[in-house]
Structures are given as C-alpha cells and as structure tokens.
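If you want the building blocks of each chain, they are given just below.
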Amino acid sequence: MSSLTAARVLKPIGTAGSLFAFALDVGRAVFRRPFQFREFIQQAWFIASVTIVPTALVAIPFGAVIALQVGGLVAQFGAQSFVGSAAVLAVVQQAAPIATALLVAGAGGSAIAADLGARKIREELDAMMVLGIDPIQRLVVPRVLACMMIAVFLNGLVSIVGVMGGYVFNVIIQGGTPGAYLASFTALAQMADLWQGLAKALVFGLIAAIVASYMGMNAGGGPKGVGDAVNQSVVITFLLLFIVNFVMSAIFLQIIPSKSG
C-alpha cells in the first residue's frame with residue numbers, strides 16, 4: 001500500500017519530466033529538414049477556423065467588464081481621464097493573451113490531442129517510426145508552430161475588439177468622453193505593453209500545443225484513453241498558463257520600467 005501511494009505521489013513528477021523532455025525534442029526537431037510546410041498551413045487554417053469566432057465573441061465582454069470595473073474604480077479617485085489607458089493596459093497585457101490562450105488550448109489544443117491520440121491507438125505513430133519517419137518532426141512541429149502563429153494573431157484580434165468594446169461601454173454606459181478615453185492611451189500605455197502581450201500569446205500558444213501533442217502521443221486504452229488525454233491536456237494547459245502568466249508578468253514589471261526610465 002505504501003509503494004502504491006509513493007507511485008501516485010511521484011507520478012506527476014515523472015509526467016512533468018517527460019513533458020519537459022518532449023518539449024526539448026520538439027525544439028530540436030524544429031530545425032530539421034524537410035519542414036512540413038503544407039501540414040503547417042493546414043493546421044494553422046484549422047486552428048484559426050475553430051477559434052476566431054469564439055475569440056471575437058469573448059473579447060467583447062472581456063473589454064466591457066474591464067472598462068466597467070476600471071472605470072468605476074478610477075472614478076472613485078477622481079481620475080476619470082485615465083480610464084482609457086488603464087483599460088487598454090488591462091486588455092493588452094492580461095486579458096488578450098489569457099483569452100487567446102484559453103481558446104487556443106480549449107479548441108485547438110483539444111483537437112490536436114484528439115487527432116494525435118487517435119493516431120496513437122491506431123498505431124499510426126508506431127508505423128511511421130518503423131518507416132523511419134519521426135512523428136515529432138512530421139506531425140508535432142507543424143502543429144506547435146501553427147498554434148504559436150495563430151495565438152499571436154488572435155491576441156491582436158482580442159486586443160482590438162476588447163479595446164473597442166471598452167470604449168463603447170465607457171462612453172455609452174459610464175458617460176465618459178470619447179476624447180478623454182482616446183487621449184489617455186499615450187499617458188500610461190507604451191509600445192512595450194504591446195510587445196508584452198504578444199510575447200505572452202506566443203509562449204501560451206507554445207505551451208498549449210506542446211501539452212496537447214504530448215498527451216495525444218501518449219494516449220492509451222482505446223477511445224476512452226483518447227478522451228482522457230484530451231481532458232487532461234486542457235486542464236494541465238490551463239494550470240501552466242496561469243503560472244507562466246504570473247511569472248512573465250512579474251518579469252516584465254521589472255524590465256519595462258528600467259527601459260522606460
């Protein structure tokens with residue numbers, strides 16, 4: 001009984017180590033040739049097709065809620081002129097990358113895990129290795145790069161839609177002035193804030209694709225195992241995203257002031 005308990009305790013550690021080793025293998029396979037450009041385009045189109053509409057719909061309430069909350073808080077301090085810059089910073093730095101990552105992991109990542117998991121239980125991956133084809137280079141690398149590229153594009157979409165939604169709700173519901181909202185953009189917002197959001201989206205897309213690919217390629221136990229791998233990939237990705245978001249936000253808070261100062 002004690003050995004069984006110890007195995008259960010050590011299993012997450014072994015999974016984390018295997019996931020890190022898998023990420024290193026993917027990193028090495030990126031530079032191998034030939035690059036599967038057609039697979040990359042197909043995966044990018046598929047991920048964009050299943051995420052672009054939900055992302056646009058989610059971005060509107062994200063921007064609206066942030067504008068309402070920030071506007072109400074700032075109004076208590078008599079600084080209504082800074083509502084625009086505060087809302088834009090919240091959307092660009094935090095809301096846009098997180099919303100993008102959740103949708104990429106939930107829609108695109110689950111599809112990747114299901115696809116690779118189905119190939120695993122049909123023994124297609126084993127057949128590829130017998131033929132001398134590396135499944136990581138052939139299947140995983142195009143999906144990882146496609147997720148990263150689409151995550152960056154979706155981050156821009158969420159930023160634009162979120163800022164526009166915040167503008168509409170601030171002007172119409174809270175009675176703010178359009179000029180004050182637009183003029184306050186440059187008061188606190190900097191170009192570095194945009195780069196921070198893009199960097200987060202890039203890393204989040206990488207994490208979502210790596211986790212989904214790893215769980216899919218290690219699925220077992222038939223269709224139920226594939227379903228479990230999809231669920232686990234989404235949960236693990238969400239946990240990693242919030243941890244990495246905290247770490248990256250703390251790092252940027254230390255880097256950006258030193259550059260702007």
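In the block above lies the structure referred to throughout.
The paragraphs below set out a description of the structure included in this document. Owing to the predicted nature of the structure, the values given are computational and were not obtained by experimental measurement. (Residues numbered from 1 in each chain as written. Predicted model: local features only at pLDDT ≥ 70, side-chain atom pairs only at ≥ 80, totals over all residues. Heavy atoms only, no water.)

A closer look at the overall build of the protein chain
Note the threshold: Helix and strand definitions follow DSSP, with helices as H or I runs of at least four residues and strands as E runs of at least two, each counted in order from the N terminus. The classification of residues rests on relative accessible area computed with a 1.4 Å probe and restricted to protein chains. Under 20% of the type maximum is buried, over 50% is exposed, and intermediate values are partly exposed. When checking whether two residues touch, look at their non-hydrogen atoms; a contact exists if any pair is within 4.5 Å. In this description, accessible areas are obtained by the Shrake-Rupley approach with a 1.4 Å probe, and a residue is regarded as covered only by the protein chains that are shown.
Scanning the protein chain from terminus to terminus reveals 9 helices and 0 strands. The burial tally for the protein chain puts 41% of its 261 residues in the buried class. The long-range fraction of contacts in the protein chain, counting pairs at least 24 apart against all pairs at least 6 apart in sequence, stands at 86%. Summed over its atoms, the accessible surface of the protein chain is roughly 13400 Å², and 73% of this surface lies on carbon and sulfur atoms.

Regarding the nonpolar core
Formally: In this description, a nonpolar core means a group of buried Ala, Val, Leu, Ile, Met, Phe, Trp, Tyr and Cys residues linked to one another through side-chain atoms lying within 4.5 Å.
Core analysis: the biggest nonpolar cluster contains 44 residues, and F22, V26, I136, V140, V144 and M217 have the highest contact counts within it. Secondary-structure elements contributing two or more residues to this core are α1 (2-29), α2 (37-76), α3 (83-121), α4 (124-130), α5 (135-172), α8 (191-217) and α9 (222-260). Sorting elements by how many residues they give to this core places α5 first, with 11 residues. Grouped together as the second largest cluster of nonpolar side chains are 8 residues, V70, V88, V91 and V92 included.

Description of the packing of aromatic side chains
The criterion, for reference: Pairing of aromatic rings covers Phe, Tyr and the six-membered ring of Trp, with a centre-to-centre limit of 6.5 Å; geometry is then stacked below 30 degrees between planes, edge-to-face above 60, and tilted otherwise.
Inspection of every chain in the model, using the stated rule, returns 3 aromatic pairs. Judged by centre distance (6.0 Å) and plane angle (55 degrees), the ring pair of F35 and F40 falls under tilted. Through a chain of ring-to-ring contacts, three or more aromatic side chains come together here, namely F35, F37 and F40.

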